[in-house]
Amino acid sequence: MAMSFSLRTIAVVALVGLAGLVMAHGNVTPQDVDTGNLPELGDDVRTENPFREGNEYGKYNGQAIKVGESAYAGNCAACHGIRAMSGGLTPDLRELTEWDDEYYIGRVMNGTDRGMPSWKKSMDQNAMWAIRTYVESLPKPE
């Protein structure tokens, strides 16, 4: 009987902890992003990653990856996991394809009703696309 109580207690504690993680999603204090010498993208929302190799500012790809890595660590990793390995509680950003650029920028700018905050007031497009460029540089999940 004592063993049953212990397992039940452990299960309840685990579920409460998991619920806490889910409820915490989106509760992130925005961190400033130093976009360095990346070209200014302006206010018109782009629907394709300008820093991807072969695109308008593809020659800045390496710099965008570095900026994006820092920005991701400070603003995204708490919910989406270190190196974008979410563990299943949030979308695995490594699974997005280049065809998902418009989806990505819309979600980052506007957030969702399921806990993803809107970043349009705390992060510019340069930082958002640098994060996308960093995530694209990571190995795809197996």
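Residues numbered from 1 in each chain as written. Predicted model: local features only at pLDDT ≥ 70, side-chain atom pairs only at ≥ 80, totals over all residues. Heavy atoms only, no water.

Enquirer: Explain the overall build of the chain residue by residue, including any values.
Expert: Within the chain one finds 5 helices and 0 strands. Counting helices and strands in the order they occur from the N terminus, the chain gives α-α-α-α-α. Taken over 142 residues, the chain has a buried fraction of 37%. A fraction of 65% describes how many contacts in the chain between residues 6 or more apart in sequence connect residues 24 or more apart. Counting every atom, the chain has about 9,000 Å² of accessible surface; 55% of that belongs to carbon and sulfur. (Helix = DSSP H or I, 4+ residues; strand = E, 2+ residues; numbered from the N terminus. Buried < 20%, exposed > 50% of the residue type's maximum accessible area, 1.4 Å probe, protein only. Contact = heavy atoms within 4.5 Å. Areas by Shrake-Rupley, 256 points an atom, 1.4 Å probe, with all protein chains shown as cover.)

Enquirer: Just give me the short version of the confidence of the model for the chain, but keep the residues and values in it.
Expert: Per-chain confidence: the chain averages 83 in pLDDT, with 80% of residues scoring 70 or above. The low-confidence segment residues 1–5 (pLDDT under 50) makes 0 contacts with residues lying over four places distant or belonging to another chain. Contacts of residues 11–25 to residues separated by more than four positions or lying in other chains number 9 contacts, the stretch itself having pLDDT below 50. (pLDDT = per-residue confidence, 0-100.)

Enquirer: Requested: an account of the packing of aromatic side chains, with residues and values cited.
Expert: Summed over all chains, the structure comprises 4 aromatic pairs. Geometrically, the ring pair formed by phenylalanine 51 and tyrosine 57 is tilted, given 6.4 Å between the ring centres and 45° between the ring planes. Note on phenylalanine 51: relative accessible area 0%, which makes it buried. Between tyrosine 57 and tyrosine 60, the aromatic rings sit 6.2 Å apart at their centres with planes inclined by 65°, giving edge-to-face as the arrangement. Here the aromatic cluster, defined as three or more aromatic residues joined through ring pairs, consists of Phe51, Tyr57 and Tyr60. A cation sits over an aromatic face here: arginine 132 above tyrosine 104, 5.4 Å from the ring centre. (Phe/Tyr/Trp six-rings, centres within 6.5 Å; stacked < 30°, edge-to-face > 60°. Lys NZ or Arg CZ within 6 Å of the ring centre and 35° of its normal.)

Enquirer: Describe unusual backbone geometry, naming the residues involved and giving the relevant values.
Expert: Even without being glycine, arginine 83 reaches a positive phi, approximately 55°. Position of arginine 83 among the secondary structure elements: in the loop between α3 (77–80) and α4 (101–110). By relative accessible area, which is 39% here, arginine 83 ends up partly exposed.

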